[in-house]
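# Coordinates in review
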Amino acid sequence: MKLLVINPNSSTSMTAGLISTLSDLEHSGLVLKYFNGPSSSPPSINDFTTSILSAARTFDMLNDLILTSTDGNSHDAYLVACFSDHPLVGMLREHTHKPVLGIFEASIMQALALGKPFGIVTTGKYWEEALTAGVKRIFGSADLGGNFVGVQSTGMSAGELHEVSQDVVADRIAVATSQIVARGARTVILGCAGMSGMEDAARRGRSGVDIRIIDAARSGVTTLEGLVRAQKS
């Protein structure tokens, strides 16, 4: 099975981070390939405008180079590695019969399966409202029957996660985690592809509370792999 992991922004460092943190999920039956957004795509997806621009510019390249190519036919499924209700997910679903999933949807499905109240630690303040709206649009409820306690931002952009001191990044994630745990979360989703591999920072903020941490990018790979295998069985 071959899955294509798509980073719709132009940050090659974010794609490199994904390759590093997801490599251990590969095995004899699973190969991960990666697609980095074009240079015309925003370097960081921080709001509605950059979401739309990244989707449009990445889709143009995907459509030309992958969806209509012989090589593209060898991919069994597509994972959009942006933690949001990203328009690229729907755009790809219109143009391929193969499974397409976003890491946003995948991680929430896994959080619900754990059966504990969950919250999201994310980047900028914009995403607190936008991700809550995304949960309502995709899953039909703003609080999922009381299971979803909300979103806590770190105040950083996705790009800054790999540009500033990692000690600063870890401190921001730990603080945001402590805040979402104080609101009742017992499962914490790391709500940005750029946070992949930063579970230790989140654990620092748990304040002695027993929590589960979901890496959204890893969640996306494992969920999508299971979906493809279930369809083939």
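All figures in this text were calculated on a predicted structure; none of them were measured in a lab. Here the residue numbers are simple positions, counted from 1 along each chain's written sequence. Confidence filtering applies because this is a predicted model: local features only for residues at pLDDT of at least 70, side-chain atom pairs given and counted only at 80 or more, and all residues used for totals across whole chains, interfaces and linings. With hydrogens and water set aside, each side-chain value is computed from the structure's full complement of heavy atoms.

## Observations concerning the packing of aromatic side chains
- Aromatic pairs are defined between Phe, Tyr and Trp rings, using the six-membered ring for Trp, whenever the two ring centres lie within 6.5 Å; interplanar angles under 30 degrees are classed as stacked, those over 60 as edge-to-face, and all others as tilted. Tallying each qualifying case throughout the model produces three aromatic pairs.
- Ring plane angle 85° and centroid distance 5.1 Å describe the contact between F83 and F104, whose orientation is recorded as edge-to-face. Within this pair, whereas F83 is found in the loop between β3 (77-80) and α3 (87-93), its partner F104 is found in helix α4 (residues 103-114), the two being separated by 21 residues in sequence.
- Type-normalised accessible area, obtained with a 1.4 Å probe on protein chains alone, sets the label of each residue: buried when under 20%, exposed when over 50%, and partly exposed for intermediate values. By relative accessible area, F104 is classed as buried at 0%.
- Between Y126 and W127, the aromatic rings sit 4.9 Å apart at their centres with planes inclined by 80°, giving edge-to-face as the arrangement.
- A relative accessible area of 36% places Y126 in the partly exposed class. By the criteria applied, helices consist of DSSP H or I runs no shorter than four residues and strands consist of E runs no shorter than two, each listed in order from the N terminus.

## Some points on the side chain of S107
- Residue placement: S107 occurs in helix α4.
- According to the relative accessible area criterion, S107 is buried, its value standing at 0%.

## Details of the sheet that holds strand β7 (residues 187-190)
- In short, DSSP must find at least two bridges between two strands for them to pair. As summarised here, the arrangement of the four strands in space is β6-β5-β7-β8, forming an open sheet in which the pairing is parallel. Looking along the sheet, the strands with just one partner apiece sit at the ends: β6 (148-153) and β8 (212-215). Averaged over all neighbouring strand pairs, the angle between strand axes comes to 20°, with direction disregarded.
- Bridge analysis of strand β5 (residues 118-122) against β7 gives four bridges, and the strand direction is parallel. Counted as the bridge partner of F118 is T187 from β7.
- Here, two residues are considered to be in contact whenever any of their heavy atoms come within 4.5 Å of each other. Axis definition: a line fitted to C-alpha atoms, over the contacting stretch in the case of helices. Angles run 0 to 180 degrees between N-to-C directions. Along the sheet, helix α6 (residues 166-182) contacts β5, β6 and β7; its crossing angle with β6, the most-contacted strand, is approximately 155°.

## A word on the sheet that holds strand β1 (residues 2-7)
- Ordered in space as β2-β1-β3-β4, the four strands form an open sheet in which the pairing is parallel. Edge positions in the sheet fall to β2 (31-36) and β4 (100-102), since each of these pairs with one other strand and no more. The average angle at which neighbouring strand axes cross in this sheet is 25°, direction not considered.
- Where β1 lies against β3, four bridges are found, and the strand directions are parallel. Residue V5 lies in a different strand from β3, and its bridge partner there is L79.
- Across the sheet, helix α1 (residues 12-22) touches β1 and β2, and the angle it forms with β2 is around 170°.
- Lying on the sheet, α4 is in contact with β3 and β4; it crosses β4 at an angle near 75°.

## Topic: the pattern of salt bridges
- Any Lys or Arg side-chain nitrogen located within 4 Å of an Asp or Glu carboxyl oxygen qualifies as a salt bridge. What the rule picks out here adds up to eight salt bridges.
- The closest approach of N and O atoms between D171 and R204, which form a salt bridge, is 2.6 Å. Of this pair, D171 sits in helix α6 while R204 is found in helix α7 (residues 199-204), placing the two residues 33 residues apart along the sequence.

## Re unusual backbone geometry
- At L144, a residue that is not glycine, the phi angle is positive and equals roughly 50°.
- Mapping L144 onto the fold places it in the loop between α5 (126-139) and β6.
- Positive phi, close to 55°, is recorded for S207, a residue that is not glycine.
- One can find S207 in the loop between α7 and β8.

## Focus on the side chain of S157
- Relative to the helices and strands, S157 resides in the loop between β6 and α6.
- Exposure remark for S157: the relative accessible area of 19% places this residue in the buried category.
- Residues in contact with S157, not counting those within four places in the same chain, are S44, N46 and T123.

## Description of α1
- For α1, the full list of buried residues reads M14, T15, L18, T21 and L22. Looking down the long axis of α1, one finds its buried residues gathered within 130° of arc, a one-sided arrangement. Residues of α1 that are exposed and angled more than 90 degrees away from the buried face: T12 and S20. It is the directions from the helix axis to the C-beta atoms that the arc portrays.

## Some thoughts on the environment of L32
- Relative to the elements of secondary structure, L32 occurs in strand β2.
- According to the relative accessible area criterion, L32 is buried, its value standing at 6%.
- Beyond its immediate sequence surroundings of up to four residues, L32 is in contact with L3, V5, L22, E26 and V221.

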